[in-house]
Amino acid sequence: MNLKKLHHVAVIGSDYKKSKHFYVELLGFQIIRENHRPERQDWKIDLRLDDCELELFIKPDCPPRPHYPEPETAGLRHLAFRVDSVEKTAAELNRLGIETEPIRTDDFTGEKMTFFHDPDGLPLEIHE
């Protein structure tokens with residue numbers, strides 16, 4: 001087995017304009033490429049943040065995500081981003097109109113962390 005590192009993560013969103021604005025304009029991902037796929041009735045936007053790629057599939061007719069935090073279902077639980085300061089990043093997110101949960105300490109690492117959500121309710125974490 002010759003796995004080296006994670007290449008990309010794929011996320012499904014339901015609203016092209018909202019999802020693209022959130023990930024690109026608010027969070028700062030860069031667009032690598034963007035393709036409309038009429039045969040699948042969706043968009044695929046490849047995004048980059050540092051050396052990590054995010055595939056954003058926009059499917060207007062996708063079923064909604066189960067309510068967070070319960071019930072948890074199999075599959076992707078959340079995406080986590082490393083930051084220098086959870087307090088500063090949370091304050092910046094709040095200034096952009098993105099609500100964050102109260103900052104807490106990770107029980108196992110002792111590091112600060114908090115959650116926020118994308119337009120479709122996918123939990124996103126910032127972690128020191």
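Before reading on, note that the structure itself is shown above.
Residues numbered from 1 in each chain as written. Predicted model: local features only at pLDDT ≥ 70, side-chain atom pairs only at ≥ 80, totals over all residues. Heavy atoms only, no water.

*Asks:* Help me understand the sheet that holds strand β3 (residues 42-49) in this model?
*Replies:* Note: strands within a sheet are paired through backbone hydrogen bonds, in either parallel or antiparallel orientation. Taken in spatial order, the 4 strands line up as β1-β4-β3-β2 in an open sheet, and their pairing is mixed. The open sheet has two edge strands with one neighbour each: β1 (8-13) and β2 (30-37). Going from strand to strand, the sheet's axes swing by 15° on average, the running direction of each strand aside. Pairing of β3 with strand β4 (residues 52-58) involves 7 bridges; the strand directions are antiparallel. Of the residues in β4, the one forming a bridge with K44 is F57. Strands β1, β2, β3 and β4 of the sheet are contacted by helix α1 (residues 16-26), whose axis makes an angle of about 165° with β4. (Pairing = 2+ DSSP bridges. Helix = DSSP H or I, 4+ residues; strand = E, 2+ residues; numbered from the N terminus. Axes fitted to C-alpha atoms, helices over the stretch in contact; angles between N-to-C directions. Contact = heavy atoms within 4.5 Å.)

*Asks:* Could you clarify how one ought to interpret the side chain of E55 in this entry?
*Replies:* With respect to the secondary-structure elements, E55 resides in strand β4. Here H8 takes part through its side chain, which lies 3.3 Å from a polar atom of the side chain of E55. (Polar contact = N/O pair within 3.5 Å; in protein donor to acceptor, adjacent residues only side chain to side chain.)

*Asks:* Can you walk me through the environment of E99 in this structure?
*Replies:* For E99, the location among the structural elements is in the loop between α2 (86-95) and β6 (104-105). Sequence-wise, E99 and F116 are 17 residues apart; in three dimensions their C-alpha atoms are separated by 6.2 Å.

*Asks:* Can you help me understand the sheet that holds strand β7 (residues 112-117) in this one?
*Replies:* Across the sheet, 4 strands lie side by side as β5-β8-β7-β6; this open sheet has mixed pairing. One side of each edge strand has no neighbouring strand; the edge strands of this open sheet are β5 (79-82) and β6. By the bridge criterion, 2 bridges tie β6 to β7 in an arrangement that is antiparallel. In the strand pairing of β7, T105 is matched with K112.

Note that all results are geometric; they support no functional claim without further evidence.
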